[in-house]
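What follows is each chain in one-letter form.
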Amino acid sequence: MEISLPDKFIERIKEDLEDEADSFLGSYHDTPKRGLRINPLKTDCDTEKRIAEGLNRIPWESHGYYYAAAKTLTAPGRSPLHAAGAYYIQEPSAMAPVSFLDVRPGMCVLDLCAAPGGKSTQIASLLNGEGLLIANEIISDRARILSQNIERMGIRNALVLSHDPKCLALKFPASFDRILVDAPCSGEGMFRRDVAAIEEWSPENVSMCAERQEWILDAAASMLKPGGRLVYSTCTFSKAEDEEQTERFLKRHQDYRAVMAEAGTGIRKGGATGTYRIMPHDGYGEGHFIAVFERIGRQGNEGEINEYGYRGMKECPLNSKQKQSLSPYLEFIQNTLADGEFKARLTDTDRLFMFGKNICLRPACGIPALDGLKVIRAGLELGEIRKDRFIPSHSLAMAMDREDAARSIDLEPDGAEIRQYLNGQTLSCTDRMIKKDPASGDAGWTLITVSGISLGWVKASGSVLKNHYPRGIRINTVC
């Protein structure tokens, strides 16, 4: 793989790395590392074992695996399992920062620079449906991609925003238990994956990135609770964006300290306290820098935060008039979902709120008041009532387990019917595929799954099942 690196980049690397410079620079001519992360929100241990068969595990992520293109998996990004959210394709070293965040179920976590969503969905898997994830991306087009990935991975407790970090800092003072700042950077770790990153690189761009990172970090600093943890990361090797950036941050914020954390195989300790690096010539990933901070001034006994979760102004639940109009929704839930915990949550009207025309489900800890926020996705969007009928959202289907559905059809990942479904075609309503309700004779809304993992809706109409897979994400699949 031939790559022409900028001369000034080479000069700086030789100065910074000295004896290691040749090995480092030589790594840019090797094949890029590829990885995927199994989604535990939508898979069990047996499913993960089947998907990951023959793959090598990534040392810092328990659900992360290396894969070699055209060997273990064929076009994993176009697989029906990818469409179902069974896994997220993610550069291996990009999985490392979240491992330093120490996320626990019930926490309120902010991913400040979140698109396209790899680290956000990784955080959500650690929250395991408890607490609240706020994923923010300032660029609106990228925020929509982030929202689509939140939906695809079946995440129920996320709020997706598109704001300047300075604006968020005014809205959320001392509000989060954990904050991840995976900052925009000069992207030196992407050189062998993306030629455009090389073309855009310059010493001036490195300086510009460092200035931007500084004010992003300052905004993040004000939003962390005392005793909370902030992780800063980049995919670059510039000291101005990395070690020097963290040193300047600690000088500006006397209420923060660097935190020493356990670094496993493939992760080096950096040149400053509480900093860590993944280097491409070590053979584990494309490269990442990580710094871990804690806000001083802890609360509660034994130095722990009193209560995890969101404690600020919250979005109001449905009012009495709105609850009275829920009959089509409640009828849908009664007829379409199987009895169980998820159905109970969806029928608890105190957990519901309105976002535009959509009925949404909030996390148990509540969701921030949405007024004044540029919201892309609000909690779990369930659907909307149109002409006295409830139309379920794709998000609801993706967030369901197969056992949550009263009716489901499981399709084989390498079969013709799954390709038809993902292409938006109708399916045949045969006895083999689905059993109709004996009382009504109507199959109604039915969950489509692939290898037992939820993928979308169909609705029976005569002898066919009408396809409700969203037009904007329909794909031609390969097996």
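Now for a look at the structure at hand. What you see is a predicted model, and the numbers here were worked out from it, not measured in a lab.

Quick look at the pattern of salt bridges
So, step 1. Taken as a whole, this structure holds 25 salt bridges when the rule is applied.
So, step 2. Arg295 serves as the salt-bridge partner of Asp255, at 3.0 Å between the closest nitrogen and oxygen. Of this pair, Asp255 sits in the loop between helix H11 (243-252) and strand E10 (256-258) while Arg295 sits in strand E13 (residues 288-295); the two residues are 40 residues apart in sequence, bridging distant segments of the chain.
So, step 3. The class for Asp255 is partly exposed, based on a relative accessible area of 28%.
So, step 4. Accessibility expressed as a relative area gives 16% for Arg295, which makes it buried.
So, step 5. The closest approach of N and O atoms between Arg402 and Asp410, which form a salt bridge, is 4.0 Å.
So, step 6. In this structure Arg402 comes out as partly exposed when scored by relative accessible area, which is 34%.
So, step 7. Residue Asp410 is classed as partly exposed on the basis of its relative accessible area of 30%.
So, step 8. Salt bridges sharing partners connect three or more residues here, namely Glu214, Asp218, Arg248 and Arg252.

Some remarks on the packing of aromatic side chains
So, step 1. Throughout the structure, instances matching the rule amount to 20 aromatic pairs.
So, step 2. Taken together, a centroid distance of 5.1 Å and an interplanar angle of 70 degrees make the contact between Phe9 and Phe191 edge-to-face. Within this pair, whereas Phe9 is found in helix H1 (residues 7-17), its partner Phe191 is found in the loop between strand E8 (176-182) and helix H9 (195-200), the two being separated by 182 residues in sequence.
So, step 3. On the accessibility criterion, Phe191 (1% relative accessible area) is buried.
So, step 4. Taking 5.9 Å as the distance between ring centres and 75 degrees as the angle between the ring planes, the aromatic pair formed by Phe332 and Trp457 counts as edge-to-face.

Quick word on the layout of surface pockets
So, step 1. Taken as a whole, the largest pocket holds about 1,200 Å³ of empty space.
So, step 2. Lining the largest pocket are 41 residues, and of these Ala115, Pro116, Arg142, Asp182 and Cys235 lie nearest its centre.
So, step 3. Among the elements of the structure, strand E4 (87-89), helix H6 (118-127), H9 and helix H10 (203-223) are those that each provide at least two residues to the lining of the largest pocket.
So, step 4. Tallying contributions element by element places H10 first for the lining of the largest pocket, with six residues.
So, step 5. Here the residues of the lining of the largest pocket are counted per class, giving 22 nonpolar, nine polar and 10 charged.

Digging into empty space enclosed by the protein
The gaps left among the atoms become clear once a water-sized probe is rolled over them.
So, step 1. For the structure shown, the criterion picks out one cavity of 30 Å³ or more.
So, step 2. Quantified by volume, the largest cavity comes out at close to 30 Å³.
So, step 3. In this structure, the largest cavity is lined by Ile150, Glu151, Gly154, Ile155, Arg377, Leu380, Ser395 and Ala399.
So, step 4. Mapped onto the lining of the largest cavity, the elements with two or more residues apiece are helix H7 (140-152) and helix H15 (394-399).
So, step 5. In terms of residue class, the lining of the largest cavity is built from four nonpolar, two polar and two charged.

A few points about the sheet that holds E4
Note on sheets: strands pair through backbone hydrogen bonds, and any given pair is parallel or antiparallel.
So, step 1. In spatial order, the strands read E2-E3-E1-E4; together these four strands make up an open sheet with antiparallel pairing. The open sheet is flanked by strand E2 (56-57) and E4, the only strands paired with a single partner.
So, step 2. Note that strand E1 (residues 35-38) and E4 share three bridges and pair antiparallel. Bridging across to E4, Leu36 finds its partner in Ile89.

Overview of the side chain of Asn467
So, step 1. Considering the arrangement of structural elements, one finds Asn467 in strand E23 (residues 464-467).
So, step 2. Residue Asn467 is classed as buried on the basis of its relative accessible area of 12%.
So, step 3. Engagement of the side chain of Asn467 in a polar contact is seen with the backbone oxygen of Gln425, the distance being 2.8 Å.
So, step 4. Within the structure, the side chain of Asn467 is placed 2.7 Å from the backbone nitrogen of Tyr469, a separation counted as a polar contact.
So, step 5. Discounting chain neighbours no more than four positions away, the residues touching Asn467 are Gln420, Tyr421, Gly424, Gln425, Thr426, Trp457, Val458 and Arg474.

Description of a negative patch on the surface
So, step 1. A contiguous patch of negative charge on the surface is contributed by Asp44, Asp46, Asp401 and Glu403.
So, step 2. Structurally, Asp44 can be placed in the loop between E1 and helix H3 (45-51).

Some details on the sheet that holds strand E19 (residues 408-411)
So, step 1. Across the sheet, five strands lie side by side as E19-E21-E22-E23-E20; this open sheet has mixed pairing. With one partner strand each, in any of the chains shown, E19 and strand E20 (427-428) form the two edges of the open sheet.

What to know about H1
So, step 1. Inspection of H1 places Phe9, Arg12 and Ile13 among the buried residues, and these make up the whole buried set. End-on view of H1: buried residues confined to an arc of 100 degrees, all on one side of the axis. Exposed and facing more than 90 degrees away from the buried side of H1 are Asp7, Lys8, Glu11 and Glu15.
So, step 2. Looking at the buried side of H1, the elements it contacts are helix H2 (21-27) and H10.
So, step 3. Positive backbone phi, at 50 degrees, marks Glu18, one or two positions downstream of H1.

Reading the values: rules and limits
- Residues numbered from 1 in each chain as written.
- Predicted model: local features only at pLDDT ≥ 70, side-chain atom pairs only at ≥ 80, totals over all residues.
- Heavy atoms only, no water.
- Salt bridge = Lys/Arg side-chain N within 4 Å of Asp/Glu carboxyl O.
- Helix = DSSP H or I, 4+ residues; strand = E, 2+ residues; numbered from the N terminus.
- Buried < 20%, exposed > 50% of the residue type's maximum accessible area, 1.4 Å probe, protein only.
- Phe/Tyr/Trp six-rings, centres within 6.5 Å; stacked < 30°, edge-to-face > 60°.
- 1 Å grid on protein atoms, 1.4 Å probe; cavity = no way out; pocket = protein on both sides within 12 Å on 5 of 7 lines; lining within 4 Å.
- Points joined across faces, edges and corners; volume = space filled by probe spheres on them.
- Nonpolar A, V, L, I, M, F, W, Y, C, P; charged D, E, K, R; others polar.
- Pairing = 2+ DSSP bridges.
- Polar contact = N/O pair within 3.5 Å; in protein donor to acceptor, adjacent residues only side chain to side chain.
- Contact = heavy atoms within 4.5 Å.
- Patch = residues over 30% accessible without salt bridge, like charges linked within 9 Å, V, L, I, M, F, W, Y side chains within 5 Å.
- Areas by Shrake-Rupley, 256 points an atom, 1.4 Å probe, with all protein chains shown as cover.
- Lys, Arg positive; Asp, Glu negative; His and termini not counted.
- Charge placed at Lys NZ, Arg CZ, Asp CG, Glu CD.
- Arc of directions from axis to C-beta.

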